[in-house]
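Structure assessment
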Amino acid sequence: MKVAVILGGFPKLSETFILRHITGLLDLGHDVDIYARRNPREALVQPDVDRYRLRERTHYFEVPEGRAARACRAAATFLRHLPRHPLAMVRAARGRPGQSLYQRLNNVMFVAPFLGRRYDAIMCYWGGNGIDFIVLKDVFPDTRFVTRFGGDDYAIGDEQGPEALDGLRTRGDAFIVQTDYYGRATLRRYGFEDERIVTYPHVIGVGSIPFRERVSVSDPLRLVTVARLVEKKGLD
(Lines give C-alpha, C1' and ligand atoms only; values in the text may rest on other atoms or scores of the structure.)
Protein backbone atom coordinates (compact mmCIF):
# COMPACT_ATOMS: atom_id res chain seq x y z
CA MET A 1 0.00 0.00 0.00
CA LYS A 2 1.22 3.50 -0.82
CA VAL A 3 0.55 6.04 1.94
CA ALA A 4 1.02 9.80 2.19
CA VAL A 5 1.43 11.19 5.72
CA ILE A 6 0.66 14.88 6.27
CA LEU A 7 2.20 16.62 9.29
CA GLY A 8 2.68 20.11 10.69
CA GLY A 9 6.42 19.74 11.20
CA PHE A 10 8.87 16.91 10.66
CA PRO A 11 11.02 15.63 12.24
CA LYS A 12 10.03 16.59 15.77
CA LEU A 13 11.75 15.03 18.77
CA SER A 14 8.57 15.13 20.86
CA GLU A 15 6.42 13.20 18.35
CA THR A 16 7.87 9.75 18.83
CA PHE A 17 4.50 8.10 18.35
CA ILE A 18 4.12 9.54 14.84
CA LEU A 19 7.62 8.36 13.97
CA ARG A 20 6.70 4.87 15.20
CA HIS A 21 3.59 4.87 13.04
CA ILE A 22 5.66 5.75 9.97
CA THR A 23 8.45 3.25 10.61
CA GLY A 24 5.88 0.61 11.50
CA LEU A 25 4.24 1.00 8.10
CA LEU A 26 7.64 0.76 6.41
CA ASP A 27 8.51 -2.37 8.41
CA LEU A 28 5.27 -3.94 7.17
CA GLY A 29 6.34 -3.35 3.59
CA HIS A 30 4.23 -0.29 2.79
CA ASP A 31 5.56 2.70 0.85
CA VAL A 32 5.32 5.97 2.80
CA ASP A 33 5.89 9.55 1.73
CA ILE A 34 5.85 12.43 4.23
CA TYR A 35 4.45 15.90 3.55
CA ALA A 36 5.15 18.54 6.19
CA ARG A 37 4.20 22.19 6.39
CA ARG A 38 7.66 23.09 7.65
CA ASN A 39 11.02 21.78 8.80
CA PRO A 40 11.40 22.46 12.56
CA ARG A 41 15.20 22.28 12.19
CA GLU A 42 15.57 20.94 15.71
CA ALA A 43 19.09 20.25 16.91
CA LEU A 44 18.21 16.71 18.04
CA VAL A 45 16.24 14.09 16.11
CA GLN A 46 15.27 10.51 16.78
CA PRO A 47 17.84 7.98 15.43
CA ASP A 48 15.15 6.30 13.31
CA VAL A 49 14.84 9.43 11.18
CA ASP A 50 18.29 8.74 9.75
CA ARG A 51 18.11 4.97 10.08
CA TYR A 52 15.07 4.85 7.80
CA ARG A 53 16.32 7.77 5.66
CA LEU A 54 13.03 9.56 6.20
CA ARG A 55 14.32 12.97 5.12
CA GLU A 56 14.59 11.55 1.60
CA ARG A 57 10.88 10.73 1.76
CA THR A 58 9.85 14.18 2.99
CA HIS A 59 8.44 17.14 1.06
CA TYR A 60 8.15 20.54 2.76
CA PHE A 61 5.46 22.98 1.69
CA GLU A 62 7.14 26.00 3.31
CA VAL A 63 4.23 28.25 2.30
CA PRO A 64 5.21 31.96 2.44
CA GLU A 65 3.88 33.94 5.39
CA GLY A 66 3.06 37.23 3.66
CA ARG A 67 -0.07 37.48 1.53
CA ALA A 68 1.71 39.03 -1.45
CA ALA A 69 4.41 36.33 -1.45
CA ARG A 70 1.76 33.66 -1.03
CA ALA A 71 -0.29 34.99 -3.94
CA CYS A 72 2.78 35.07 -6.18
CA ARG A 73 3.77 31.52 -5.23
CA ALA A 74 0.21 30.23 -5.78
CA ALA A 75 -0.11 31.95 -9.17
CA ALA A 76 3.22 30.57 -10.36
CA THR A 77 2.28 27.09 -9.12
CA PHE A 78 -1.10 27.25 -10.83
CA LEU A 79 0.34 28.31 -14.20
CA ARG A 80 3.17 25.78 -14.04
CA HIS A 81 0.88 22.77 -13.47
CA LEU A 82 -2.19 23.89 -15.44
CA PRO A 83 -1.08 22.50 -18.85
CA ARG A 84 -0.53 18.95 -17.55
CA HIS A 85 -3.12 18.87 -14.75
CA PRO A 86 -5.88 21.30 -15.74
CA LEU A 87 -8.74 19.58 -13.89
CA ALA A 88 -6.79 19.24 -10.65
CA MET A 89 -5.68 22.88 -10.69
CA VAL A 90 -9.16 24.15 -11.45
CA ARG A 91 -10.66 22.06 -8.63
CA ALA A 92 -8.04 23.30 -6.19
CA ALA A 93 -8.44 26.96 -7.14
CA ARG A 94 -12.23 26.75 -7.16
CA GLY A 95 -12.21 25.49 -3.61
CA ARG A 96 -15.33 24.85 -1.56
CA PRO A 97 -18.25 27.12 -0.74
CA GLY A 98 -17.31 29.56 1.98
CA GLN A 99 -13.55 29.36 1.40
CA SER A 100 -11.69 32.65 1.30
CA LEU A 101 -9.24 33.66 -1.42
CA TYR A 102 -6.46 33.05 1.12
CA GLN A 103 -7.62 29.44 1.57
CA ARG A 104 -7.91 28.86 -2.17
CA LEU A 105 -4.36 30.03 -2.67
CA ASN A 106 -3.33 27.45 -0.08
CA ASN A 107 -5.31 24.78 -1.93
CA VAL A 108 -3.22 25.27 -5.06
CA MET A 109 0.06 24.97 -3.16
CA PHE A 110 -1.15 22.00 -1.09
CA VAL A 111 -2.31 20.02 -4.13
CA ALA A 112 0.67 20.65 -6.40
CA PRO A 113 3.21 18.22 -4.80
CA PHE A 114 0.69 15.37 -5.13
CA LEU A 115 0.15 15.76 -8.87
CA GLY A 116 1.43 12.83 -10.88
CA ARG A 117 1.42 10.61 -7.79
CA ARG A 118 -1.15 8.12 -6.63
CA TYR A 119 -1.75 7.00 -3.05
CA ASP A 120 -4.03 4.36 -1.58
CA ALA A 121 -4.46 6.45 1.55
CA ILE A 122 -3.66 9.91 2.88
CA MET A 123 -3.06 9.96 6.63
CA CYS A 124 -3.48 13.45 8.04
CA TYR A 125 -2.27 14.16 11.55
CA TRP A 126 -4.45 16.62 13.44
CA GLY A 127 -7.82 18.11 12.69
CA GLY A 128 -6.50 21.46 11.52
CA ASN A 129 -4.45 19.79 8.81
CA GLY A 130 -7.44 17.64 7.91
CA ILE A 131 -9.55 20.76 7.38
CA ASP A 132 -6.90 22.35 5.16
CA PHE A 133 -5.95 19.27 3.14
CA ILE A 134 -9.39 17.75 2.53
CA VAL A 135 -9.12 19.51 -0.83
CA LEU A 136 -7.04 16.49 -1.84
CA LYS A 137 -10.21 14.41 -1.67
CA ASP A 138 -11.72 16.65 -4.35
CA VAL A 139 -8.72 16.10 -6.61
CA PHE A 140 -8.19 12.39 -5.78
CA PRO A 141 -11.69 11.08 -4.92
CA ASP A 142 -10.62 7.41 -4.96
CA THR A 143 -7.91 7.91 -2.31
CA ARG A 144 -8.91 7.17 1.27
CA PHE A 145 -8.56 10.26 3.46
CA VAL A 146 -7.95 9.54 7.15
CA THR A 147 -7.57 12.17 9.88
CA ARG A 148 -6.16 11.55 13.34
CA PHE A 149 -7.57 13.86 16.00
CA GLY A 150 -5.91 14.72 19.29
CA GLY A 151 -5.40 17.44 21.87
CA ASP A 152 -6.70 20.85 20.87
CA ASP A 153 -8.46 19.39 17.80
CA TYR A 154 -11.41 18.52 19.99
CA ALA A 155 -12.02 22.22 20.68
CA ILE A 156 -12.24 23.26 17.02
CA GLY A 157 -16.00 22.88 16.85
CA ASP A 158 -16.54 24.90 20.01
CA GLU A 159 -14.05 27.66 19.22
CA GLN A 160 -14.69 28.06 15.47
CA GLY A 161 -18.17 26.59 15.23
CA PRO A 162 -19.12 23.10 13.99
CA GLU A 163 -19.29 24.45 10.43
CA ALA A 164 -15.48 24.70 10.42
CA LEU A 165 -15.45 20.90 10.27
CA ASP A 166 -18.15 20.56 7.59
CA GLY A 167 -15.85 19.75 4.67
CA LEU A 168 -13.80 17.24 6.63
CA ARG A 169 -16.82 15.65 8.29
CA THR A 170 -18.70 15.06 5.05
CA ARG A 171 -15.82 13.97 2.80
CA GLY A 172 -13.31 12.29 5.09
CA ASP A 173 -13.31 8.49 5.03
CA ALA A 174 -12.20 7.77 8.60
CA PHE A 175 -11.39 9.66 11.79
CA ILE A 176 -9.05 8.27 14.44
CA VAL A 177 -9.47 9.13 18.12
CA GLN A 178 -7.72 7.82 21.24
CA THR A 179 -10.72 7.28 23.51
CA ASP A 180 -14.43 6.59 23.26
CA TYR A 181 -15.25 8.64 26.35
CA TYR A 182 -13.77 11.90 25.10
CA GLY A 183 -12.60 11.60 21.49
CA ARG A 184 -15.47 9.65 19.95
CA ALA A 185 -18.07 11.47 22.05
CA THR A 186 -16.73 14.88 20.98
CA LEU A 187 -16.74 14.05 17.27
CA ARG A 188 -20.25 12.64 17.55
CA ARG A 189 -21.34 15.87 19.22
CA TYR A 190 -19.95 17.73 16.20
CA GLY A 191 -22.04 15.57 13.87
CA PHE A 192 -19.49 12.96 12.73
CA GLU A 193 -20.89 9.54 11.82
CA ASP A 194 -20.03 6.97 14.48
CA GLU A 195 -19.32 4.32 11.81
CA ARG A 196 -16.41 6.35 10.46
CA ILE A 197 -14.79 7.00 13.85
CA VAL A 198 -12.01 4.56 14.83
CA THR A 199 -10.67 4.35 18.37
CA TYR A 200 -6.94 3.66 18.45
CA PRO A 201 -5.42 4.15 21.93
CA HIS A 202 -1.91 5.44 22.50
CA VAL A 203 0.61 2.67 23.08
CA ILE A 204 4.19 2.64 24.32
CA GLY A 205 6.90 0.56 22.65
CA VAL A 206 8.15 -1.06 25.85
CA GLY A 207 10.57 -3.24 23.92
CA SER A 208 12.87 -0.24 23.45
CA ILE A 209 12.89 0.61 27.17
CA PRO A 210 15.60 -1.25 29.16
CA PHE A 211 14.15 -3.33 31.99
CA ARG A 212 15.51 -2.70 35.46
CA GLU A 213 14.41 -4.99 38.25
CA ARG A 214 13.49 -3.31 41.52
CA VAL A 215 15.75 -4.45 44.34
CA SER A 216 13.34 -3.74 47.19
CA VAL A 217 9.58 -3.28 47.17
CA SER A 218 9.98 -0.98 50.17
CA ASP A 219 11.59 1.71 48.00
CA PRO A 220 9.27 4.64 47.34
CA LEU A 221 7.57 4.45 43.95
CA ARG A 222 8.51 7.42 41.79
CA LEU A 223 6.41 8.30 38.75
CA VAL A 224 7.21 10.73 35.94
CA THR A 225 4.45 12.35 33.92
CA VAL A 226 5.13 14.55 30.91
CA ALA A 227 2.10 16.67 30.03
CA ARG A 228 0.72 20.16 29.80
CA LEU A 229 -0.56 21.58 33.08
CA VAL A 230 -4.21 21.73 32.05
CA GLU A 231 -7.28 20.28 33.74
CA LYS A 232 -8.10 17.68 31.09
CA LYS A 233 -4.75 15.92 31.69
CA GLY A 234 -6.03 14.86 35.13
CA LEU A 235 -2.77 15.55 36.95
CA ASP A 236 -4.53 16.76 40.08
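A few points on the structure. None of these values were measured; they are calculated from a predicted model.

Before going further, it helps to examine unusual backbone geometry. Omega for the bond connecting Phe10 with Pro11 falls within 30 degrees of zero, at -5°, which places this linkage in the cis form. For Pro11, the location among the structural elements is in the loop between strand E1 (2-9) and helix H1 (16-27). Of note in the backbone geometry, Arg41 takes a positive phi value of approximately 55° without being a glycine. Note on placement: Arg41 falls in the loop between strand E2 (31-38) and helix H2 (47-51). With relative accessibility at 62%, the residue Arg41 sits in the exposed group.

As a further point, take the pairing of strand E6 (residues 174-177). Burial along E6 is two-sided: Ala174 and Ile176 facing one way and Phe175 and Val177 facing the other are all buried. In terms of strand pairing, strand E5 (residues 144-148) meets E6 through 3 bridges, oriented parallel. Its bridge partner lying in E6, Arg148 is registered against Ile176. A crossover links E6 with its parallel partner strand E7 (residues 197-199), the connecting element being helix H10 (residues 180-189), and its sense is right-handed.

What helix H4 (residues 86-94) keeps buried is the set Ala88, Met89 and Ala92. The buried residues of H4 occupy an angular sector of 95° when the element is viewed end-on, so they sit on one face. For H4, the exposed residues set more than 90 degrees away from the buried face come down to Leu87 and Arg94. Looking at the packing, one finds that the buried side of H4 touches helix H3 (67-81), helix H5 (101-111) and helix H7 (135-139).

What follows covers the pattern of salt bridges. In total, this model carries 18 salt bridges according to the counting rule given. For Asp138, the salt bridge goes to Arg171, with nearest N and O atoms at 3.0 Å. Placement of the pair is Asp138 in helix H7 and Arg171 in helix H9 (residues 166-171), with a sequence separation of 33 residues. With relative accessibility at 22%, the residue Asp138 sits in the partly exposed group.

What follows covers the side chain of Asn107. Among the structural elements, Asn107 can be located in helix H5. Taking the relative accessible area as the measure of exposure, Asn107 reaches 1% and is therefore buried. Here Asn107 is in contact with Ala92, Gly95, Gln99, Asp132 and Val135, once residues within four sequence places are set aside.

Moving on, we come to the sheet that holds E6. The 7 strands are arranged E3-E2-E1-E4-E5-E6-E7 in an open sheet whose pairing can be described as parallel. If you trace the sheet from one side to the other, it starts and ends with strand E3 (58-60) and E7, each paired once. Averaged over all neighbouring strand pairs, the angle between strand axes comes to 20°, with direction disregarded. In the packing of H10 onto the sheet, the strands contacted are E6 and E7, and the crossing angle to E7 comes to about 175°.

Basis of the calculations
Residues numbered from 1 in each chain as written. Predicted model: local features only at pLDDT ≥ 70, side-chain atom pairs only at ≥ 80, totals over all residues. Heavy atoms only, no water. Helix = DSSP H or I, 4+ residues; strand = E, 2+ residues; numbered from the N terminus. Buried < 20%, exposed > 50% of the residue type's maximum accessible area, 1.4 Å probe, protein only. Pairing = 2+ DSSP bridges. Right-handed = clockwise from strand over helix to strand, strands pointing away. Arc of directions from axis to C-beta. Contact = heavy atoms within 4.5 Å. Salt bridge = Lys/Arg side-chain N within 4 Å of Asp/Glu carboxyl O. Axes fitted to C-alpha atoms, helices over the stretch in contact; angles between N-to-C directions.

Honestly, that's just the spatial picture; any functional story needs more than this.
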